[in-house]
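Architecture and fold: a report
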Amino acid sequence: MSPLLRRKEKKRPGERMVTLIGKPGCHLCDDAEEVVAKVCAETGAQWEKKDISQDEELYRLHWEQIPVVLVDGEQHTFWRVNPDRLRRALED
């Protein structure tokens, strides 16, 4: 069977990783961090924060979009984080 047709194994929330990419002094990043921390605490998902000012590759990829939220390495959203949408993504 083609890999494109196979269903991905559903991960439990505790196996999910949310990455928040931002920078210090960014008010949208602070707002996003509050939402990410709250939703991850509720769902049991892990999360991490990365600073684009400390990583040239992240800066090159995301400097116009921060904050950027990744779920399991895939871009989920940028600028504003909708808690309901993030919660749904973690429960899928």
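Residues numbered from 1 in each chain as written. Predicted model: local features only at pLDDT ≥ 70, side-chain atom pairs only at ≥ 80, totals over all residues. Heavy atoms only, no water.

As recorded in an unreviewed UniProt entry, the protein chain goes by Glutaredoxin family protein and comes from Streptomyces caledonius.

Notes on the packing of aromatic side chains
As a reminder of what qualifies: Between rings of Phe, Tyr and Trp, where Trp is taken as its six-membered ring, a pair exists when centres lie within 6.5 Å; planes separated by under 30 degrees are stacked, by over 60 edge-to-face, and by other angles tilted. The cut-offs for exposure are 20% and 50% of the maximum accessible area for each residue type, with area from a 1.4 Å probe on protein chains only; residues under the lower value are buried, those over the upper are exposed, and the others partly exposed.
Evaluated as defined, the whole model comprises two aromatic pairs. Look at Tyr-59 and Trp-63: their rings are 6.2 Å apart centre to centre, the planes differ by 15°, and that puts the pair in the stacked class. Among the residues examined, Tyr-59 registers a relative accessible area of 44% and is labelled partly exposed. With a relative accessible area of 46%, Trp-63 lands in the partly exposed category. Geometrically, the ring pair formed by Phe-78 and Trp-79 is edge-to-face, given 4.6 Å between the ring centres and 70° between the ring planes. Looking at Trp-79, the relative accessible area reads 44%, which means it is partly exposed.

Side note on the pairing of strand E4 (residues 74-78)
Within a regular strand, side chains alternate between the sheet's two faces. Operational definition: Two strands pair under a simple rule: DSSP has to find at least two bridges between them. For the purposes of this entry, the term helix denotes a DSSP run of H or I that reaches at least four residues, the term strand denotes a run of E that reaches at least two, and both are numbered from the N terminus.
Taken together, the four bridges between strand E3 (residues 68-71) and E4 define a ladder with antiparallel strand orientation. Along E4, the bridge assignment pairs Val-68 with Phe-78. From the end of E3 to the start of E4, which pair antiparallel, there are two residues, and Asp-72 there has a positive phi angle of about 50°.

Things to note about the sheet that holds E4
The test is simple: Between N-to-C directions, angles span 0 to 180 degrees; the directions come from axes that are lines fitted to C-alpha atoms, helices contributing only their stretch in contact.
Taken in spatial order, the four strands line up as E2-E1-E3-E4 in an open sheet, and their pairing is mixed. Looking at which strands have only one partner, the edges of the open sheet turn out to be strand E2 (46-51) and E4. Averaged over neighbouring strand pairs, the angle between their axes works out to 25° when direction is ignored. Inspection of the sheet shows strand E1 (residues 17-22) paired to E2 by six bridges, in the parallel sense. Note that in E2 the partner of Ile-21 across the bridge is Lys-50.

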